[in-house]
Amino acid sequence: MGIGIIIRCKECDYSKNLQIGVGMMYAPHNILNLESKSPILKSLIPSKKTIEKIKMLIESKNAVLADDYGHYIYRCPGCNELFDRFFIHLDYDNGSFEPSYRCGKCRSTLERIDHNPDESSIEERIGKILTSFPCPKCGSRSLYVDSDCTLMWD
Ligand SMILES: [Zn+2]
Ligand SMILES: [Zn+2]
């Protein structure tokens, strides 16, 4: 199940709505089915080049999907902006592949900041991670998850 969270800053009016996790339709065979009329992966990863690359890896390199795929929080190391992007990891015979994303504002390559889930709730985990990053707007380390606004989605 996916979750929608709102991240806010205690020092300014910054807020960002982010979707993380996986939806109900995201079974591995759906993710990897690029032959259907409207492949789900195309809506998750906007880059045609990345989709072509994944298609090639599946078709000619027997790529397999790691099970930690889903929407994760990424941040821009250039301007500190936060994004949600779809993470996928493919392993094949002599390598592995993960898509990379660029910041829409400053074109830096985004870094994924929330890694594997632990026992704490998503909000707690994300909240903890956020304390080490400056607010994209005012630069103070005052980001938090507004837990009144958390939504489930599928
Ligand atoms: Zn940026
Ligand atoms: Zn701020």
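Residues numbered from 1 in each chain as written. Chains lettered and ligands numbered in written order. Predicted model: local features only at pLDDT ≥ 70, side-chain atom pairs only at ≥ 80, totals over all residues. Heavy atoms only, no water.

1. Quick notes on the coordination of the zinc ion (ligand 2)
The zinc ion (ligand 2) binds to the protein through Cys9 (SG), Cys12 (SG), Cys135 (SG) and Cys138 (SG); the donor distances cover 2.3 Å. One can describe the site at the zinc ion (ligand 2) as tetrahedral: its four donor atoms subtend angles covering 106 to 112° at the metal. Each donor residue of the zinc ion (ligand 2) lies on the same chain, and together they follow the pattern C-x2-C-x122-C-x2-C. Residue Cys9 is located in strand E1 (residues 2-9), and its partner Cys135 is located in the loop between helix H4 (122-130) and strand E9 (143-145); the two are separated by 126 residues in the primary sequence. Cys135 carries the same exposure label as Cys9, and that label is buried. (Donors = N, O, S within 2.8 Å, 3.2 Å for Na, K, Ca; no water. Tetrahedral: all angles 85-135°; square planar, octahedral: opposite > 155°, others 65-115°. Helix = DSSP H or I, 4+ residues; strand = E, 2+ residues; numbered from the N terminus. Buried < 20%, exposed > 50% of the residue type's maximum accessible area, 1.4 Å probe, protein only.)

2. Digging into the pairing of strand E4 (residues 70-75)
Residues in a regular strand project their side chains so that they alternate between the two faces of the sheet. Counting buried residues along E4, six of its six residues qualify, which places the element largely inside the surrounding structure. Looking at chain direction, E4 and strand E5 (residues 82-87) are connected through six bridges and run antiparallel. Bridge pairing in E5 links Arg75 to Leu82. From the end of E4 to the start of E5, which pair antiparallel, there are six residues, and Asn80 there has a positive phi angle of about 70°. The sheet contact formed by E4 and strand E8 (residues 111-112) spans two bridges and is antiparallel. Its bridge partner being in E8, Arg75 is matched across the sheet by Glu111. (Pairing = 2+ DSSP bridges.)

3. Quick word on the side chain of Thr50
Inspection of the secondary structure puts Thr50 in helix H3 (residues 48-61). Within the structure, Thr50 has its side chain in polar contact with the side chain of Ser47 (distance 2.9 Å). For Thr50, the residues in contact, after removing those within four places along its chain, are Ile45, Phe97 and Pro99. (Polar contact = N/O pair within 3.5 Å; in protein donor to acceptor, adjacent residues only side chain to side chain. Contact = heavy atoms within 4.5 Å.)

4. A word on H3
The end-to-end C-alpha separation of H3 is 19 Å, in line with the 20 Å expected for 14 residues at 1.5 Å each. All of the buried residues along H3 are Thr50, Ile51, Ile54 and Leu57. Buried residues of H3, viewed axially, fall in a sector of 125°; they line one side. When the buried face of H3 is taken as reference, the exposed residues oriented beyond 90 degrees from it are Lys48, Lys49, Glu52, Glu59 and Ser60. Residues of H3 that are buried sit in contact with helix H2 (40-44), strand E6 (90-92) and strand E7 (95-97). (Expected span 1.5 Å × (residues − 1). Arc of directions from axis to C-beta.)

5. Things to note about the coordination of the zinc ion (ligand 1)
The protein atoms that coordinate the zinc ion (ligand 1) are Cys76 (SG), Cys79 (SG), Cys103 (SG) and Cys106 (SG), at distances of 2.3 Å. Bound by four donor atoms, the zinc ion (ligand 1) shows angles of 93 to 123° at the metal and therefore tetrahedral coordination geometry. Mapping the donors of the zinc ion (ligand 1) onto the primary sequence yields the spacing C-x2-C-x23-C-x2-C. Owing to a relative accessible area of 0%, Cys76 belongs among the buried residues under this scheme.

6. Some thoughts on the pattern of salt bridges
Evaluation of the coordinates by the stated rule reveals five salt bridges. Between Lys16 and Glu81 there is a salt bridge; the shortest N-O distance is 3.7 Å. One end of the pair, Lys16, is in strand E2 (residues 15-21); the other, Glu81, is in the loop between E4 and E5, with 65 residues separating them in the sequence. By relative accessible area, Glu81 is classed as buried at 6%. Each of the salt bridges in this network shares a partner with another, and the network as a whole consists of Lys16, Glu81 and Lys105. (Salt bridge = Lys/Arg side-chain N within 4 Å of Asp/Glu carboxyl O.)

Worth remembering: the numbers are spatial, not functional.
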